[in-house]
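Chain by chain, the residues run as shown.
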Amino acid sequence: MPRRAPPRSSDLLSEILLAPDRDRMAFARPVVSWTDRDEDAYLAAIEACALASIRLERRGRDHGDWAELDPARLPVPWPAAPERGSRAFDLACAERWHAARPIVLPGIAGELLEEFAPEIADAGLLHEALCERGGLADWYAGRAPELEPRFEARADRTKLADPERDLERITIQALPPSGAGPRVRDLWIKSAWLSTHADDRSLRVRVGHGREGADDADGDLLRHTLVAELASELFPESAVAAANPALVQLVERLAGEDVLFTQHIAYWNAPGGGALFHHDAFAEDDLEDGAWRQLGVCYVQLSGATAWLALSTDDLMARVVEFVEMLEDGDMPWVRAQLFEIPKDPVAGGWKRLKALLADTDRLRRELSRPGCGVLGPLVERAPEFTSFLADAGHGCVLRAGDAILLPNFGLSKTCMHSVFCAGDEVGYSLSMAMRRAQPVTTPSEAQAARAARAVRNAERNAARRELRGSRGNGQTRSRGARP
């Protein structure tokens, strides 16, 4: 039976925390939602164990209030997180990794955060300069003497991939790691707004190569390696993740192979900003035998704080179905009216079509993997009701300076969906890195060609076997017939 929204009562906090289907997000402090309309007893229960209260607003929309709770002061027993590096810790991480669920790593940056404190402080001050046209060029020019001759900016003008949000783009040529051979001429860095909302000052700087979008998921390890090297020079503080033994060794134990941290994105999440629900999988990830290239994303908070909703595709599917069942049972009638009855273009084409979509698991999975979660976007981004619903189901967490989160990926059909908010009144600085296989994997076209070649070889072998069996059979018949 789906979990129903219980009445707001003095024991509600315990009911929420003990719900059998709540995701007790490993290692993260628990989060619950609240409103000023809740009963005094419920608010008092929260206040007794709250570490912080967080107001969620993004792009002019109110997503409600969360309370981040102290596990030691909860009114119910809460499992202690296993010690980092222990077998229990690895097993807990592995269980979540292979289910494509987020893994929160509080304080994983540790002493490295202090070591790179000057660089992090400088990056925090960079936000205002990057908001202005020419800011990226000025910043790169100041770094150029340290980068040359390994990396050199090209003078050619480059077209912006997203003129509405992109601010600047610089094309860079690089010497190969050996120092010999032709230069790689299609690396780039760009600055861009996270949205077009007038009040959102959230910004990012991304390092990439080739055709933006088309080549993001390619298997060119040389270029991905050069991108990683360029990003580590531009953002030396990325070492708190990419050169952090505790983090890197954990990721490689989970992946079972060497991992390359690349495609760095520096984020400045401003109050009222953040990212809508999305994932970081590519169609190219769905290769034969699960040979996806992008194993997931590592995000590390370096200053400020962010609030997250993060859950696997399967979990999001289950929560959407559960939420719609609550609406069907008469809960939150205003939500059903606003999504399906009042608008001329209702969500998913209307209530009946929505129910048909939810009954088809494959269709539902495909729709949620589309940009903006497809026709379900208005429901998934429903604020504050669906946001609060997910938080109370255990899918919310808060990252502060030094914390990291791993978002595992197993292709479009099994990945980690996530939504991000600025949690506080200051611009927070963070870095995101793709975790990719450090060894070549087969591309879809190569896989198809390999399958065809195997089919030809098998056909030739089978034909040879048939011919051999036939010749042996004829010889044996003749021999037996010749006997007295």
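Residues numbered from 1 in each chain as written. Predicted model: local features only at pLDDT ≥ 70, side-chain atom pairs only at ≥ 80, totals over all residues. Heavy atoms only, no water.

### Observations concerning the pairing of strand 11 (residues 294-301)
Thinking step 1. Across the eight residues that make up strand 11, a large majority, eight, are buried.
Thinking step 2. In this structure, strand 11 lies alongside strand 14 (residues 404-408), joined through five bridges in antiparallel fashion. Looking at the pairing, Y299 lines up with I405 of strand 14. (Buried < 20%, exposed > 50% of the residue type's maximum accessible area, 1.4 Å probe, protein only. Helix = DSSP H or I, 4+ residues; strand = E, 2+ residues; numbered from the N terminus. Pairing = 2+ DSSP bridges.)

### Some thoughts on the sheet that holds strand 16 (residues 428-437)
Thinking step 1. The strand order 4-14-11-16-9-8-7-6-5 describes an open sheet built from nine strands, whose pairing is antiparallel. The open sheet has two edge strands with one neighbour each: strand 4 (103-105) and strand 5 (151-153). Each neighbouring strand pair of the sheet contributes to a mean axis angle of 25°, computed without reference to strand direction. (Axes fitted to C-alpha atoms, helices over the stretch in contact; angles between N-to-C directions.)

### Structural notes on the nonpolar core
Thinking step 1. Counting 65 residues, the largest nonpolar core has I189 and L406 as the members making the most contacts within it.
Thinking step 2. Within the second largest apolar cluster, 40 residues are counted, among which are L358, L376, L379 and V398. (Core = buried A, V, L, I, M, F, W, Y, C linked by side-chain atoms within 4.5 Å.)

### Focus: the side chain of H395
Thinking step 1. Tracing the chain through its elements places H395 in helix 15 (residues 385-395).
Thinking step 2. Looking at H395, the relative accessible area reads 1%, which means it is buried.
Thinking step 3. Contacts of H395, omitting those with residues within four sequence positions, involve D23, M25, W308, L309, A310, L311, D315, R319 and L390. (Contact = heavy atoms within 4.5 Å.)

### With respect to the sheet that holds strand 1 (residues 31-34)
Thinking step 1. With antiparallel pairing, the three strands of this open sheet are ordered in space as 1-3-2. Single-partner strands in this sheet number two, and they are strand 1 and strand 2 (50-58). In this sheet, adjacent strand axes meet at a mean angle of 30° when their direction is disregarded.
Thinking step 2. Pairing between strand 2 and strand 3 (residues 61-69): eight bridges, direction antiparallel. Paired with S53 across the strands is A67, a residue of strand 3.
Thinking step 3. Sitting on the sheet, helix 2 (residues 40-47) touches strand 1, strand 2 and strand 3, and the angle it makes with strand 1 is about 150°.

### As for the environment of S14
Thinking step 1. Looking at where S14 falls in the secondary structure, it is placed in helix 1 (residues 12-18).
Thinking step 2. Taking the C-alpha atoms as reference points, S14 and L74, separated by 60 residues in sequence, lie 8.3 Å from one another.

### Digging into the confidence of the model for the protein chain
In low-pLDDT segments, the atomic positions of the prediction should not be examined closely.
Thinking step 1. In the predicted model, the protein chain carries a mean pLDDT of 88, and 87% of its residues have values of at least 70.
Thinking step 2. Per-residue pLDDT stays below 50 along residues 471-484; that stretch engages in zero contacts with residues further than four places along the chain or on separate chains. (pLDDT = per-residue confidence, 0-100.)

### Quick notes on the state of the cysteines
Thinking step 1. If you walk through the whole model with that rule in mind, you get zero disulfides.
Thinking step 2. Summary of cysteine pairing: C397 is not part of a disulfide, and the nearest cysteine sulfur, belonging to C416, is at 9.4 Å. (Disulfide = S-S within 2.5 Å.)

### Some details on the packing of aromatic side chains
Thinking step 1. Summed over the entire model, instances satisfying the criterion amount to nine aromatic pairs.
Thinking step 2. Here the aromatic rings of F323 and F389 are separated by 5.4 Å at their centres, their planes lie at 55°, and the arrangement is tilted. Separated by 66 residues along the polypeptide, F323 in helix 10 (residues 313-328) and F389 in helix 15 bring together distant segments of the chain. Of the two residues, F323 and F389, neither departs from the other in class, the shared state being buried.
Thinking step 3. Among the aromatic side chains, those forming a connected cluster through ring pairs are Y267, Y299 and W308.
Thinking step 4. It is R336 that lies over the ring of W351; its NZ or CZ is 3.8 Å from the centre.
Thinking step 5. We note K414 situated over the ring of F410; from NZ or CZ to the ring centre the distance is 5.0 Å. (Phe/Tyr/Trp six-rings, centres within 6.5 Å; stacked < 30°, edge-to-face > 60°. Lys NZ or Arg CZ within 6 Å of the ring centre and 35° of its normal.)

### Notes on the pattern of salt bridges
Thinking step 1. Within this structure, the stated rule accounts for 31 salt bridges.
Thinking step 2. Among the charged side chains, a network of salt bridges with common partners joins D166, R169, K190, R206, E212 and D216. (Salt bridge = Lys/Arg side-chain N within 4 Å of Asp/Glu carboxyl O.)

### What about helix 9 (residues 245-255)?
Thinking step 1. Within the span of helix 9, buried status applies to L247, V248, L250, V251 and L254. What you see down the axis of helix 9 is that its buried residues fit within an arc of 160°, all on one side.
Thinking step 2. You can read the cap of helix 9 off the contacts: a side-chain oxygen lies 3.1 Å from the backbone nitrogen of A246, and it is on N244.
Thinking step 3. Looking at the residues trailing helix 9, positive phi occurs at G256, about 75°. (Arc of directions from axis to C-beta. Polar contact = N/O pair within 3.5 Å; in protein donor to acceptor, adjacent residues only side chain to side chain.)

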